[in-house]
Amino acid sequence: MTRQMTGAKMVVQALKDQGVDTVFGYPGGAVLPVYDEIFQQNDIKHVLVRHEQAAIHAAEGYARSTGKPGVALVTSGPGATNAVTGLTDALLDSIPLVVFSGQVPTFMIGTDGFQEADTIGITRPCTKHNWLVQDTDKLSETIHQAFHVATTGRPGPVLIDLPKDVQFADGEYTPPAKAKVSHYKPRVKASIEEINNLVSLIEKAERPVFYTGGGVINSGPGASQLLRELVDATGFPITSTLMGLGAYPASGKAWLGMLGMHGLYEANMAMHGCDLMINIGARFDDRITGRIQDFSPNSTKVHVDIDPSSINKIIRVDLPVIGDVGHVLEDVLKVWKSRGRKTADTSAWWKQIEEWREVRCLTYKPSETVIKPQYALERLEALTKGMDRYVTTEVGQHQMWAAQFLNFEDPNRWMTSGGLGTMGYGFPASIGVQLAHPDSLVINVAGEASWLMNMQEMGTAMQYRTPVKQFILNNERLGMVRQWQQLLHGERYSSSWSESLPDFVKLAEAFGAKGIQVSDPKDLDDAIMEMINYDGPVIFDCLVEKHENCFPMIPSGKAHNEMLLGDASTEGAIKSDGAVLV
Amino acid sequence: MSALRIQQGSTSHSAYDLRDYHAEVIEKHTLAVLVDNEAGVLARVIGLFSGRGYNIESLTVAEVNHDTHLSRITVVTTGTRDVIEQIKAQVGRIVPVHEVHDLTVEGPSIERELALFKVEGTGNNRIEALRLAEIFRANVVDSTLESFVFEMTGTSEKIDAFADLMRPLGLVETARTGVAALARGSHA
């Protein structure tokens, strides 16, 4: 039976058929027909954001916390260009999104029409793929294909550009089962030879380390389970990138903490000193590697990745294993078990790691008069431990401290902008997370500067009664910029003050939310509990030490074993050749 | 082909293979990329090259199968062995790309380019140009009393050589198609 309907109706029908329950968006002239269809149904909830960038970040938060693709709807021209930052963010962090943008009618394309932009051209480099639909008959199939591409292989954002006449015109609707899926089917199973080679390396390694990343999370909860099984069965230490936190529980015995530029001493030293590095779903990002020439000089390197272009892109590896993390882990476990669960003696390695742990690299100078940002996060962790908790962050010092001081026991609980480093990500993302998990505690750990970048979303938070907690570590500075200016630019603090800050309590009240300000360490616990217990959005203005630096730190252009552990070690630490790096 | 052509045919990713002194040698490779012939597909491929800083020495594209709407893009690119591997992997993950073949390493292949040369001149130069064209098996496809347009197909090197000879004889304009290439043998 063929079903004729308008393009606009097809969009809604296809979303329903794809199991979508929430769409984040902002209307405008070129998407009015779709909004008209949304108005006339109740299956799909539309969440009206206050800026299109926030629609994408909210969809990202929804996607990362559920494992399902996030969906957003924006209008042509400025609607689409406002979405570009979010699309790029999702591309760099491999987050599946399906974004619809309105477009001027096909007969007006190329005429510089009102709110016309070359959306396909603009978003080509910041999407995994995009489509301009020019024929209503092809629309539903394109949408199904878009979901397939966004969620298959290495996930990523896709965009469908919808000219207004295509939305109005009638066409035939193709249900997902009948839609032609494209030839796009990346390999998910590694070859048995690759698996055998990896198992052989596992059997012989004396100083092994697992280095895991966002790929484990993207592969689904099953992959995290398999990772835990493999790590616990082999007893090998494990560290993770920022994106991979929660895949292995922070309470696990083998957990070394996050690695990288602001990673833990023991994690980075283990990376530097290992004889076998097993990279699972991470991409040797420059925040991880430090100076390439001195990156883990004596190790055999294995790289498990679903994307062949990640292999040997930055670090040359000895054994590439191309496949989906879940499949690879399953096969490795099977083969390793069938070959007798052999490992070499790693006790000397663990003894060395214990010595590195003794350095206690996260130690900071406590204060009784002023709230240290690390202390605020320690208390937040202590008071929310065991709760059904999701955490998003903005970008900067607070983000790194959150990664260091908050513990994640499960995947999909930690949403942060890793690759692109998008200030303004966390607040809208927290709204997306909360809508997907209405009964959970959702906290956005923020800096005041980042938070202001998308503060208009207070309106969204209030409208949809999302009780998101905005935990702002307010140092009245762009903290990470200030830290770099101190270390690299002769303490010339160029434009890194947050001047003319609002009164955050009054700001909250202006939106009808709750504001809490705290500045005395003694009041902190009570204030945090007040925040948690309040049923509604809270802006928590935590006035913290203004000049705290984030350590440990691998300075730009340095190797893993050249970490700075505190302020005393920073003088002249970064040479001019390191200063050109970001 | 590069005079410094190094051992080719390896697709191994071993660090030891790649860390040899040849690693920084710039190689020239011819890639054949089969893509869906859809709007913007060429922009995706060349946008990837420009966005990631890869070189394009030559580029040709045309639909080669009308039934399946497949186009063949032939790209001649240069880079270290690592960069070439990256290019292939990056191109390979573009959604409408079906296949990427590195004709330079996958076995013997033939490469041809078509060129048109307009040579202006009279007297001895004109006679010499025509004589050389015969030697190079170039065809005269247009002629006035003061000029010829020669058409020739051949390897890029042969076309370069002919262009060098024509320059002092009054070469005023050149058009080249870029390289088209196929693997030798019976298999597709």
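To keep things clear, this report deals only with the structure shown in the data block. (Residues numbered from 1 in each chain as written. Chains lettered and ligands numbered in written order. Predicted model: local features only at pLDDT ≥ 70, side-chain atom pairs only at ≥ 80, totals over all residues. Heavy atoms only, no water.)

Right, let's talk about the overall build of chain B for a bit. The helix and strand inventory of chain B stands at five helices and nine strands. Taken from N to C terminus, the helices and strands of chain B fall in the order α-β-α-β-β-α-β-β-α-β-β-α-β-β. Put simply, chain B has 188 residues, and 41% of those count as buried. Counted over contacts in chain B with a minimum sequence separation of 6, partners at least 24 positions apart contribute 71%. By element, 53% of the accessible surface of chain B is carried by carbon and sulfur atoms, the whole surface being about 10,100 Å². (Helix = DSSP H or I, 4+ residues; strand = E, 2+ residues; numbered from the N terminus. Buried < 20%, exposed > 50% of the residue type's maximum accessible area, 1.4 Å probe, protein only. Contact = heavy atoms within 4.5 Å. Areas by Shrake-Rupley, 256 points an atom, 1.4 Å probe, with all protein chains shown as cover.)

Enumeration according to the criterion identifies 34 salt bridges over all chains in this entry. When the shortest N-O distance is used, the salt bridge between Asp 307 of chain A and Arg 93 of chain B registers 2.6 Å. Highlighted residues: Asp 307 of chain A in the loop between β13 (300-305) and β14 (319-322) and Arg 93 of chain B in the loop between α3 (81-92) and β4 (97-102), drawn from two different chains. According to the relative accessible area criterion, Arg 93 of chain B is partly exposed, its value standing at 30%. (Salt bridge = Lys/Arg side-chain N within 4 Å of Asp/Glu carboxyl O.)

This paragraph deals with the packing of aromatic side chains. Two numbers describe a pair of aromatic rings. These are the distance of the centres and the angle of the planes. Residues and elements named next belong to chain B. Applying the stated criterion to the full structure yields 16 aromatic pairs over all chains. Here Phe 136 and Phe 162 contribute two aromatic rings whose centre-to-centre distance is 5.2 Å and whose plane-to-plane angle is 55°, an arrangement assigned as tilted. With Phe 136 in the loop between α4 (124-135) and β6 (139-143) and Phe 162 in helix α5 (residues 156-166), this pair connects stretches of sequence that are 26 residues apart. A single burial state applies to Phe 136 and to Phe 162, both of which are buried. Consider the rings of Phe 148 and Phe 150, whose centres lie 5.4 Å apart with planes at 35°: the pair is tilted. (Phe/Tyr/Trp six-rings, centres within 6.5 Å; stacked < 30°, edge-to-face > 60°.)

Residues and elements named next belong to chain A. Of all eleven residues in helix α1 (residues 7-17), eight are buried; the element is thus mostly enclosed. The complete set of buried residues in α1 reads Gly 7, Ala 8, Met 10, Val 11, Val 12, Gln 13, Ala 14 and Leu 15. Taken from the residues just after α1, Gly 19 is the one with a positive phi, measuring 80°.

Here we come to the packing of helix α8 (residues 192-204) of chain A against helix α13 (residues 325-338) of chain A. Each pair of packed helices can be summarised by the angle the axes make with each other and by the distance between the axes. All names here are of chain A. For the pair α8 and α13, interaxial distance at closest approach is 9 Å and the crossing angle is 60°. Classified by the interaxial angle, the pair formed by α8 and α13 is oblique. In this structure, α8 crosses over α13, and the sense of that crossing is right-handed. On α13, the residues touching Ile 192, Ile 195, Asn 196, Leu 198, Val 199, Ile 202 and Glu 203 of α8 are Val 328, Asp 331, Val 332, Val 335 and Trp 336. Split by residue class, the contact of α8 with α13 holds nine nonpolar, one polar and two charged. (Axes fitted to C-alpha atoms, helices over the stretch in contact; angles between N-to-C directions. Parallel < 35°, antiparallel > 145°, perpendicular 65-115°, else oblique. Left-handed = near helix turned anticlockwise from the far one by under 90°. Nonpolar A, V, L, I, M, F, W, Y, C, P; charged D, E, K, R; others polar.)

Take helix α20 (residues 479-488) of chain A next. Since one α-helical turn is 3.6 residues long, residues separated by three or four positions face the same way. Residue and element names in this part refer to chain A. Most of α20 is tucked away, with eight of its ten residues classed as buried. Among all positions of α20, only Gly 479, Met 480, Arg 482, Gln 483, Trp 484, Gln 485, Leu 487 and Leu 488 are buried. After α20 finishes, the residue Gly 490 shows a positive phi value of roughly 60°.

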